[in-house]
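Analysis of the macromolecular model
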Amino acid sequence: MADRDAVVKPYPLEEPGLWVERIGTAIFPAGTPALFLDRDGTINVDTGYPSDPADIVLRPEMLPVIRTANIAGLPAIVVSNQSGIARGYFGWSDFAAVNARLLALLEVQGCRIDLVLACAYHSSGTGELAAGDHPMRKPNPGMLLRARDLLGVDIGRSIIVGDKADDMEAGRRAGLGEGWLVRGGSNRIAGAGAFATRRLMTGNDHRKLCDAIAELGKG
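We now turn to the structure provided with this report. All values reported here derive from a predicted model rather than from experimental measurement.

**A word on the overall build of the protein**
- Scanning the protein from terminus to terminus reveals seven helices and nine strands.
- A compact globule built from 219 residues would reach a C-alpha radius of gyration of about 17 Å, and the protein, at 16 Å, matches this within 12%.
- Dimensions of the protein along its principal axes, counting C-alpha atoms only, are 45 × 40 × 35 Å.
- For the protein, with 219 residues in total, the buried portion stands at 51%.
- Long-range pairs, those at least 24 residues apart, make up 68% of the contacts in the protein with a sequence separation of at least 6.

Spelled out as structure tokens, the structure:
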């Protein structure tokens, strides 16, 4: 289905299983840190392989986080694994519709996303999408590094927010300094202090994250 979709409409696919879409025209100075965001379970409620735009519901606690990045001048970048495409549950056309709905809902709330990357490769896929350990699929850092190259961000001062350990591991492998784990447990540091994982559960945790993003915006 994914291959057929790519032929029917020129979606922003850099390769059969990699969606890279620049949103808007905001310009960021070279060396600006970024806010990386997982999608399902982080920005929106995870309904399990979401393929219907009508099912997309934003997680309200993330709206101030994205707004803070926008105000601070940090690019907000979505990095999302989409194995449902590889598994044949839906195609890139469905992803495009869900993606458009998500961006529209965020815009209504005064939130801007600057770049969307999605990886459809998975070991359970078929054809060109069958890949057990593709460099673009989290926990590998490929999507983050591609975004770094596209926008010239300072990866070492960037932050990732996600709801899975794979999100945190992708951040660590990409060279980020810290990640915030939705519904995570206690704060912890891995790799001899190179990467800190912070919990994101309470309102106070979200305020701390907003403060950290605002501080990055000061340069």
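**Comments concerning the nonpolar core**
- By size, the foremost hydrophobic cluster in this structure holds 67 residues, and its most contacted members are Phe-36, Leu-37, Ile-77, Leu-106, Ile-113 and Val-161.
- No other element matches helix 4 (residues 92-108), which puts eight residues into this core.
- The contacts of Leu-37, once residues within four sequence positions are left out, are Ile-43, Met-62, Ile-66, Ala-76, Ile-77, Val-78, Val-79, Ile-113 and Val-161.

**Overview of the packing of aromatic side chains**
- The full count for this structure, using the stated rule, is five aromatic pairs.
- Ring geometry for Trp-19 and Phe-95: centres 4.9 Å apart, planes at 70°, overall edge-to-face. Pair noted here: Trp-19 is in strand 2 (residues 18-22) and Phe-95 is in helix 4, with a separation of 76 residues, a long-range link. Residues Trp-19 and Phe-95 agree in their burial class; the two are buried.

**What to know about the packing of helix 2 (residues 63-72) against helix 7 (residues 203-216)**
- The N-to-C vectors of helix 2 and helix 7 enclose an angle of 10°; their axes lie 9 Å apart at closest approach. The angle between helix 2 and helix 7 places the two elements in the roughly parallel class. Seen from above, helix 2 lies across helix 7 with right-handed handedness. Side by side, helix 2 and helix 7 meet where Pro-64, Val-65, Thr-68, Ala-69 and Ala-72 of the first sit next to His-206, Leu-209, Cys-210, Ile-213 and Ala-214 of the second.

**Here's the deal with helix 6 (residues 165-174)**
- Among the residues of helix 6, those classed as buried are Asp-167, Met-168, Ala-170, Gly-171 and Ala-174. One side of helix 6 carries all its buried residues, which in axial view fall inside an arc of 160°.
- Structurally, helix 6 contributes buried residues whose contacts are with helix 5 (142-151), strand 6 (159-162), strand 7 (178-182) and strand 9 (195-200).

**Remarks on unusual backbone geometry**
- The step from Lys-138 to Pro-139 runs through a cis peptide bond, and the omega angle for that step is 20°.
- Looking at the secondary structure, you find Pro-139 in the loop between strand 5 (115-119) and helix 5.
- Unlike most non-glycine residues, Tyr-49 shows phi in positive territory, near 50°.
- Considering the arrangement of structural elements, one finds Tyr-49 in the loop between strand 3 (35-37) and helix 2.
- Look at Tyr-49 and you get partly exposed, because its relative accessible area is 40%.
- Residues other than glycine seldom take positive phi values, yet Arg-183 does so here, at roughly 60°.
- Its place among the elements puts Arg-183 in the loop between strand 7 and strand 8 (188-190).
- Using a relative accessible area of 55% as the deciding quantity, one classes Arg-183 as exposed.

**Let's talk about the environment of Tyr-49**
- Along the primary structure Tyr-49 and Ile-85 are separated by 36 residues, whereas in three dimensions their C-alpha atoms are 8.9 Å apart.
- Ignoring any residue separated from it by four or fewer positions in sequence, one finds Tyr-49 in contact with Ser-83, Gly-84, Arg-87, Tyr-89 and Phe-90.
- At a separation of 3.3 Å, a polar atom in the side chain of Tyr-49 contacts the side chain of Arg-87.

**Concerning the pairing of strand 7**
- Most of strand 7 is tucked away, with five of its five residues classed as buried.
- Relative to strand 7, strand 6 runs parallel, the two sharing four bridges. Note that in strand 7 the partner of Ile-159 across the bridge is Glu-178.
- Taking the sense of rotation as the criterion, the β-α-β connection linking strand 6, helix 6 and strand 7 turns out right-handed.

What counts, and where the lines are drawn
- As a convention, each chain's residues are numbered from 1 in the sequence order in which they are written.
- Given that this is a predicted model, residues contribute local features only at a pLDDT of at least 70 and side-chain atom pairs are listed and counted only at 80 or more, while totals for whole chains, interfaces and linings are drawn from all residues.
- Water and hydrogen atoms were dropped before computing side-chain values, which therefore reflect all heavy atoms in the structure.
- Helix and strand assignments follow DSSP, with helices taken as H or I runs no shorter than four residues and strands as E runs no shorter than two, numbered in order from the N terminus.
- Our radius of gyration looks at C-alpha atoms and nothing else; its globule reference is 2.2 Å times the residue count to the power 0.38.
- Whether a residue is buried, partly exposed or exposed follows from its accessible area with a 1.4 Å probe, protein chains only, as a fraction of its type maximum: under 20%, in between, or over 50%, in that order.
- The contact criterion used is simple: two residues touch if any of their non-hydrogen atoms lie within 4.5 Å.
- Side-chain atoms within 4.5 Å are what join buried Ala, Val, Leu, Ile, Met, Phe, Trp, Tyr and Cys residues into a set we call a nonpolar core.
- Put simply, two rings from Phe, Tyr or Trp (the six-membered ring, in Trp's case) pair if the centres are within 6.5 Å, and we call them stacked under 30 degrees between planes, edge-to-face over 60, tilted for the rest.
- Here the axes come from fitting lines to C-alpha atoms, over the contacting stretch only for helices, and the angles between their N-to-C directions go from 0 to 180 degrees.
- When describing relative orientation, an angle under 35 degrees is termed roughly parallel and one over 145 degrees roughly antiparallel, while 65 to 115 degrees is termed roughly perpendicular and anything else oblique.
- Crossings are classed by handedness, with left-handed meaning an anticlockwise turn of the near helix from the far one by less than a right angle and right-handed meaning a clockwise turn.
- Taken from the helix axis, the directions to the C-beta atoms give the arc we talk about.
- Two N or O atoms count as a polar contact when they lie within 3.5 Å, although within protein this holds only if one can serve as hydrogen donor and the other as acceptor, and sequence-adjacent residues are included solely when both atoms are side-chain atoms.
- DSSP calls a pair of strands paired once it identifies at least 2 bridges connecting them.
- If the strands point away from the viewer and the path from the first strand over the helix to the second runs clockwise, then the crossover is right-handed.

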